[in-house]
Amino acid sequence: GAGVSQTPSNKVTEKGKYVELRCDPISGHTALYWYRQSLGQGPEFLIYFQGTGAADDSGLPNDRFFAVRPEGSVSTLKIQRTERGDSAVYLCASSPRTLQEQFFGPGTRLTVL
Amino acid sequence: QQQVKQSPQSLIVQKGGISIINCAYENTAFDYFPWYQQFPGKGPALLIAIRPDVSEKKEGRFTISFNKSAKQFSLHIMDSQPGDSATYFCAATGTRGSNYKLTFGKGTLLTVNP
(Lines give C-alpha, C1' and ligand atoms only; values in the text may rest on other atoms or scores of the structure.)
Protein backbone atom coordinates (compact mmCIF):
# COMPACT_ATOMS: atom_id res chain seq x y z
CA GLY A 1 0.00 0.00 0.00
CA ALA A 2 0.95 3.63 -0.27
CA GLY A 3 3.14 5.08 2.40
CA VAL A 4 3.18 8.56 3.86
CA SER A 5 3.59 11.17 1.16
CA GLN A 6 4.73 14.76 1.51
CA THR A 7 4.57 17.63 -0.92
CA PRO A 8 6.46 19.47 -2.15
CA SER A 9 9.67 17.48 -1.87
CA ASN A 10 11.65 20.71 -2.01
CA LYS A 11 10.63 24.27 -1.30
CA VAL A 12 12.80 27.32 -1.74
CA THR A 13 11.43 30.59 -0.45
CA GLU A 14 12.60 34.03 0.52
CA LYS A 15 12.88 35.34 4.03
CA GLY A 16 9.58 36.74 5.21
CA LYS A 17 7.39 34.63 2.92
CA TYR A 18 4.62 32.23 3.93
CA VAL A 19 4.86 28.50 3.15
CA GLU A 20 2.60 25.49 3.45
CA LEU A 21 3.85 21.92 3.65
CA ARG A 22 1.46 19.03 3.06
CA CYS A 23 1.37 15.53 4.53
CA ASP A 24 -0.81 12.64 3.34
CA PRO A 25 -0.71 9.92 5.99
CA ILE A 26 -1.30 6.23 5.48
CA SER A 27 -5.02 5.60 5.07
CA GLY A 28 -6.68 4.78 8.37
CA HIS A 29 -3.87 6.09 10.55
CA THR A 30 -5.40 8.33 13.19
CA ALA A 31 -2.16 9.61 14.72
CA LEU A 32 -0.04 12.12 12.79
CA TYR A 33 3.24 13.72 13.85
CA TRP A 34 5.39 16.50 12.43
CA TYR A 35 9.12 16.61 13.08
CA ARG A 36 11.88 18.95 11.94
CA GLN A 37 15.32 17.65 11.05
CA SER A 38 18.18 20.11 10.82
CA LEU A 39 21.37 19.18 9.00
CA GLY A 40 23.34 16.58 10.89
CA GLN A 41 20.73 16.24 13.63
CA GLY A 42 18.01 13.84 14.62
CA PRO A 43 14.37 14.73 13.99
CA GLU A 44 12.80 16.98 16.61
CA PHE A 45 9.13 16.76 17.52
CA LEU A 46 6.88 19.64 16.50
CA ILE A 47 3.22 18.64 16.86
CA TYR A 48 0.98 15.60 17.31
CA PHE A 49 -2.57 15.10 16.02
CA GLN A 50 -4.97 12.42 17.16
CA GLY A 51 -7.77 12.68 14.64
CA THR A 52 -8.56 16.28 13.81
CA GLY A 53 -7.26 17.93 16.95
CA ALA A 54 -3.74 18.97 17.84
CA ALA A 55 -3.25 16.99 21.03
CA ASP A 56 0.29 18.23 21.66
CA ASP A 57 1.86 21.29 20.01
CA SER A 58 4.60 21.74 22.59
CA GLY A 59 7.35 21.34 20.00
CA LEU A 60 6.34 24.25 17.78
CA PRO A 61 9.21 26.75 18.14
CA ASN A 62 7.07 29.91 18.09
CA ASP A 63 3.75 31.32 16.93
CA ARG A 64 4.90 31.59 13.32
CA PHE A 65 4.34 27.85 13.07
CA PHE A 66 0.86 26.37 12.85
CA ALA A 67 -0.57 23.05 11.67
CA VAL A 68 -4.04 21.81 10.82
CA ARG A 69 -5.71 18.51 10.06
CA PRO A 70 -9.34 19.50 9.38
CA GLU A 71 -10.73 16.12 8.31
CA GLY A 72 -8.48 13.84 10.30
CA SER A 73 -6.41 12.78 7.32
CA VAL A 74 -4.26 15.27 5.36
CA SER A 75 -2.30 17.73 7.45
CA THR A 76 -0.73 21.05 6.51
CA LEU A 77 2.13 22.69 8.35
CA LYS A 78 2.09 26.45 7.90
CA ILE A 79 5.01 28.77 8.52
CA GLN A 80 4.54 32.52 8.47
CA ARG A 81 7.25 35.14 7.99
CA THR A 82 9.87 32.51 7.30
CA GLU A 83 13.39 33.00 8.64
CA ARG A 84 16.68 31.52 7.47
CA GLY A 85 16.78 29.45 10.64
CA ASP A 86 13.61 27.65 9.52
CA SER A 87 15.63 25.90 6.80
CA ALA A 88 15.44 22.17 7.51
CA VAL A 89 13.76 18.96 6.40
CA TYR A 90 10.21 18.73 7.72
CA LEU A 91 9.12 15.16 8.29
CA CYS A 92 5.64 13.80 8.75
CA ALA A 93 4.85 10.44 10.34
CA SER A 94 1.62 8.55 10.92
CA SER A 95 0.62 5.55 12.98
CA PRO A 96 -2.46 3.56 13.94
CA ARG A 97 -3.85 4.67 17.29
CA THR A 98 -2.87 1.53 19.15
CA LEU A 99 0.70 1.16 17.90
CA GLN A 100 3.87 3.01 18.80
CA GLU A 101 5.48 2.44 15.39
CA GLN A 102 5.58 5.58 13.30
CA PHE A 103 5.84 5.50 9.53
CA PHE A 104 7.73 8.45 8.12
CA GLY A 105 7.33 10.24 4.84
CA PRO A 106 10.31 11.33 2.71
CA GLY A 107 10.17 14.86 4.06
CA THR A 108 10.02 18.35 2.57
CA ARG A 109 13.34 20.15 2.34
CA LEU A 110 12.68 23.82 3.08
CA THR A 111 15.31 26.38 2.18
CA VAL A 112 14.81 29.99 3.22
CA LEU A 113 17.08 32.39 1.34
CA GLN B 1 18.64 19.50 27.24
CA GLN B 2 19.44 16.42 25.20
CA GLN B 3 17.39 13.56 26.55
CA VAL B 4 18.88 10.85 24.31
CA LYS B 5 22.63 10.82 23.80
CA GLN B 6 24.03 8.79 20.92
CA SER B 7 27.57 7.75 20.08
CA PRO B 8 29.65 7.55 18.04
CA GLN B 9 28.83 10.35 15.63
CA SER B 10 30.34 8.35 12.77
CA LEU B 11 31.56 4.80 12.34
CA ILE B 12 33.53 3.01 9.65
CA VAL B 13 33.62 -0.79 9.54
CA GLN B 14 34.75 -3.38 7.08
CA LYS B 15 32.33 -5.69 5.32
CA GLY B 16 31.55 -8.62 7.57
CA GLY B 17 32.42 -6.74 10.74
CA ILE B 18 30.23 -5.78 13.68
CA SER B 19 28.84 -2.26 13.97
CA ILE B 20 27.95 -1.06 17.46
CA ILE B 21 26.06 2.14 18.23
CA ASN B 22 25.28 3.25 21.77
CA CYS B 23 22.57 5.39 23.30
CA ALA B 24 21.78 6.65 26.77
CA TYR B 25 18.59 8.26 28.02
CA GLU B 26 17.63 10.33 31.03
CA ASN B 27 13.85 10.29 31.21
CA THR B 28 12.66 7.32 33.29
CA ALA B 29 9.20 7.66 31.73
CA PHE B 30 10.60 6.33 28.44
CA ASP B 31 9.52 2.74 27.87
CA TYR B 32 9.77 2.17 24.12
CA PHE B 33 13.09 2.39 22.30
CA PRO B 34 13.15 2.14 18.50
CA TRP B 35 16.06 2.36 16.12
CA TYR B 36 15.60 4.05 12.77
CA GLN B 37 17.66 3.78 9.60
CA GLN B 38 17.81 6.73 7.22
CA PHE B 39 19.25 6.87 3.73
CA PRO B 40 20.06 10.21 2.07
CA GLY B 41 16.95 11.96 0.82
CA LYS B 42 14.63 9.51 2.54
CA GLY B 43 12.63 9.54 5.74
CA PRO B 44 13.65 7.41 8.71
CA ALA B 45 12.48 3.78 8.59
CA LEU B 46 11.95 1.64 11.66
CA LEU B 47 14.61 -1.05 11.98
CA ILE B 48 13.96 -2.69 15.33
CA ALA B 49 12.50 -1.69 18.70
CA ILE B 50 12.64 -2.87 22.31
CA ARG B 51 10.76 -2.42 25.56
CA PRO B 52 12.53 -2.42 28.94
CA ASP B 53 10.99 -5.72 30.05
CA VAL B 54 13.58 -7.58 27.96
CA SER B 55 17.35 -7.17 27.87
CA GLU B 56 17.89 -8.18 24.27
CA LYS B 57 15.97 -8.41 21.02
CA LYS B 58 17.27 -9.88 17.80
CA GLU B 59 15.90 -9.57 14.28
CA GLY B 60 18.13 -11.06 11.62
CA ARG B 61 21.51 -9.35 11.72
CA PHE B 62 20.25 -6.59 14.03
CA THR B 63 20.26 -6.87 17.82
CA ILE B 64 19.28 -4.38 20.51
CA SER B 65 20.83 -4.76 23.96
CA PHE B 66 19.08 -2.93 26.80
CA ASN B 67 20.36 -2.07 30.29
CA LYS B 68 17.52 -0.58 32.28
CA SER B 69 19.53 0.19 35.43
CA ALA B 70 22.14 2.09 33.43
CA LYS B 71 19.52 3.67 31.16
CA GLN B 72 21.49 2.58 28.12
CA PHE B 73 20.75 0.65 24.97
CA SER B 74 22.76 -0.28 21.92
CA LEU B 75 22.37 -1.53 18.37
CA HIS B 76 24.60 -4.28 17.05
CA ILE B 77 24.74 -4.98 13.33
CA MET B 78 26.36 -8.34 12.67
CA ASP B 79 28.04 -9.21 9.37
CA SER B 80 27.81 -5.56 8.28
CA GLN B 81 27.25 -5.04 4.54
CA PRO B 82 27.89 -2.05 2.27
CA GLY B 83 24.12 -1.75 1.88
CA ASP B 84 23.90 -1.02 5.61
CA SER B 85 25.72 2.27 5.03
CA ALA B 86 23.25 4.87 6.30
CA THR B 87 22.54 7.11 9.26
CA TYR B 88 21.13 5.35 12.32
CA PHE B 89 19.07 7.06 14.98
CA CYS B 90 18.08 5.76 18.36
CA ALA B 91 14.88 7.14 19.81
CA ALA B 92 12.71 6.87 22.88
CA THR B 93 9.16 7.57 23.97
CA GLY B 94 6.78 6.92 26.82
CA THR B 95 3.72 4.83 26.06
CA ARG B 96 1.36 5.93 28.83
CA GLY B 97 -1.44 7.64 26.95
CA SER B 98 -1.65 7.85 23.17
CA ASN B 99 1.01 10.45 22.40
CA TYR B 100 4.08 8.55 21.31
CA LYS B 101 6.21 11.51 20.25
CA LEU B 102 9.76 10.36 19.72
CA THR B 103 12.90 11.89 21.17
CA PHE B 104 15.80 11.12 18.84
CA GLY B 105 19.53 10.93 19.30
CA LYS B 106 21.74 12.97 16.98
CA GLY B 107 22.48 10.03 14.70
CA THR B 108 25.42 7.87 13.69
CA LEU B 109 26.69 7.85 10.12
CA LEU B 110 27.72 4.28 9.38
CA THR B 111 29.99 3.50 6.46
CA VAL B 112 30.65 -0.13 5.60
CA ASN B 113 33.62 -0.55 3.29
CA PRO B 114 33.57 -3.42 0.78
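This one's a predicted model, so the numbers in the text were calculated from it and none came from an experiment.

Visitor: Sorry, what's going on with the overall build of chain A here?
Guide: Looking only at helices and strands, chain A features 0 helices and 11 strands. Element order for chain A, N to C, with α for helix and β for strand: β-β-β-β-β-β-β-β-β-β-β. The C-alpha atoms of chain A give 13 Å as radius of gyration, which agrees with the globular expectation for 113 residues (13 Å, within 12%). Principal-axis analysis of the C-alpha atoms gives chain A an extent of 40 × 25 × 25 Å. Considering chain A as a whole, with its 113 residues, one finds that 46% of them fall into the buried category. In chain A, the proportion of contacts linking residues at least 24 apart, taken out of those at least 6 apart, comes to 52%. Taken together, the 12 basic and 11 acidic charged side chains of chain A have centroids lying 5 Å from each other.

Visitor: For this particular structure, what's the right way to read the interface of chain B and chain A?
Guide: Size of an interface, as often reported, equals the accessible area lost when the parts are brought together. In this complex, chain B contributes 19 residues to the contact, which on the side of chain A involves 21 residues. In total, chain B and chain A occlude about 1700 Å² of area from one another, counting both sides; carbon and sulfur atoms represent 51% of this. Across the pair B:Lys101 and A:Asp56 runs a salt bridge whose closest N-O atoms are separated by 2.9 Å. Run the count over chain B and chain A and you get 8 residue pairs in polar contact (both at pLDDT 80 or more). Each residue belonging to the side of chain B that touches chain A can be placed in one class, and the counts come to 8 nonpolar, 7 polar and 4 charged.

Visitor: Please explain the sheet that holds strand β1 (residues 5-7) of chain A as it appears in this structure.
Guide: Neighbouring strands of a sheet are bound in pairs by backbone hydrogen bonds; such pairs are parallel or else antiparallel. Residues and elements named next belong to chain A. The 4 strands are arranged β1-β3-β8-β7 in an open sheet whose pairing can be described as antiparallel. If you trace the sheet from one side to the other, it starts and ends with β1 and β7 (65-68), each paired once. Looking at each pair of strands side by side, their axes are set apart by 15° on average, direction ignored. Where β1 lies against strand β3 (residues 19-24), 3 bridges are found, and the strand directions are antiparallel. Bridge pairing in β3 places Gln6 opposite Cys23.

Scoring rules and cut-offs
- Residues numbered from 1 in each chain as written.
- Chains lettered and ligands numbered in written order.
- Predicted model: local features only at pLDDT ≥ 70, side-chain atom pairs only at ≥ 80, totals over all residues.
- Heavy atoms only, no water.
- Helix = DSSP H or I, 4+ residues; strand = E, 2+ residues; numbered from the N terminus.
- Rg over C-alpha atoms; globule rule 2.2 N^0.38 Å.
- Buried < 20%, exposed > 50% of the residue type's maximum accessible area, 1.4 Å probe, protein only.
- Contact = heavy atoms within 4.5 Å.
- Lys, Arg positive; Asp, Glu negative; His and termini not counted.
- Charge placed at Lys NZ, Arg CZ, Asp CG, Glu CD.
- Buried area = accessible area lost by both parts, 1.4 Å probe.
- Salt bridge = Lys/Arg side-chain N within 4 Å of Asp/Glu carboxyl O.
- Polar contact = N/O pair within 3.5 Å; in protein donor to acceptor, adjacent residues only side chain to side chain.
- Nonpolar A, V, L, I, M, F, W, Y, C, P; charged D, E, K, R; others polar.
- Pairing = 2+ DSSP bridges.
- Axes fitted to C-alpha atoms, helices over the stretch in contact; angles between N-to-C directions.

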